[in-house]
Amino acid sequence: MAAKRKGKQRRKSSWWRHLLGLFGLGCVAWSAVGLLSSREPATLVAEYPASPPSRHQAPPAEVEHQITDDKPAPGAASGLPYYPLEVGRYWVYEGADPKNGVQVKIERRIERREQRSGQDLYFFSDGSLAYLEQGKVFEFGAEGGVNVIPMEHGSAPYVYQNQGLRIEKQVGAADTTVVVGGRSYAGCLEVITHLHYPDRPGQFSYSSYYAKGVGLVGQERWPRQEHAVLSMVLQDYGVQPL
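These figures come from a predicted structure and were not determined experimentally.

**Notes on the overall build of the chain**
Thought 1: The helix and strand inventory of the chain stands at two helices and 17 strands.
Thought 2: Scored against the burial criterion, the 242 residues of the chain give a buried share of 50%.
Thought 3: Carbon and sulfur atoms form 50% of the exposed surface of the chain, whose accessible area is close to 12,000 Å².

The following block contains the structure:
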């Protein structure tokens, strides 16, 4: 019995290490792990698609519509409305430390923008970078790993391979209301992620919610609970000129 428990623990540990390596992004890594242990209440109202994602070939890895809180969305950002990009923009999240489950704060900040081959690249303080292409945001971690985020409602599911995982991304509801820490974000776009291991049955799934003019506001692990609970919740955001 003890041997079985140890085997499960080793598999679980390996599962989390692969997940952290996949994203390679500070806030995304914390949030993926924190899906298991968050205690932040949230209110969600959404309709979810019934059809499963289909297969698509991805590029190589190297490479409320109104916010009802006291902070207006900045209007100077470029890019897609659900993921505004501009130098000086920052996000502060709260998530769970994967080592001990303690709640920690993670800050992401865009420090500079460069143009290469006609493509605008946005560099973050954590060493990651992001760019927009054909209605998707491509995030590259400082230590490897790519996260592709489809941002257009009605777009086809997107599937790609990265660091031994098969990843499916699909836009779900476009009218979700999310309440985090007393702030209400209406008209959020839901992006559904399914992670598949090639040598293991089943999948790990979660939803990410993006508010117009703000960006990512929180994530919810699947299967959903009767009373929705978000992990990696947005604590603060804004723009500070550099």
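**A word on the packing of aromatic side chains**
Thought 1: Across all of its chains, the model carries six aromatic pairs by this definition.
Thought 2: On the basis of an interplanar angle of 15 degrees and a centroid distance of 5.9 Å, the ring pair of Tyr131 and Phe140 is categorised as stacked. Accessibility classification places Tyr131 together with Phe140 in one group, the buried group.
Thought 3: When the centroid spacing of 5.9 Å and the interplanar angle of 50 degrees are considered together, the rings of Tyr158 and Tyr160 count as tilted.
Thought 4: Using a relative accessible area of 9% as the deciding quantity, one classes Tyr158 as buried.
Thought 5: Members of the aromatic cluster, connected to one another through ring pairs, are Tyr83, Trp91 and Phe124.
Thought 6: Taking the ring centre of Phe123 as reference, the NZ or CZ of Arg112 above it sits at 4.0 Å.
Thought 7: One cation-aromatic arrangement involves Arg200 over Tyr197; the distance from NZ or CZ to the ring centre is 4.5 Å.

Parameters and conventions
- Residues numbered from 1 in each chain as written.
- Predicted model: local features only at pLDDT ≥ 70, side-chain atom pairs only at ≥ 80, totals over all residues.
- Heavy atoms only, no water.
- Helix = DSSP H or I, 4+ residues; strand = E, 2+ residues; numbered from the N terminus.
- Buried < 20%, exposed > 50% of the residue type's maximum accessible area, 1.4 Å probe, protein only.
- Areas by Shrake-Rupley, 256 points an atom, 1.4 Å probe, with all protein chains shown as cover.
- Phe/Tyr/Trp six-rings, centres within 6.5 Å; stacked < 30°, edge-to-face > 60°.
- Lys NZ or Arg CZ within 6 Å of the ring centre and 35° of its normal.

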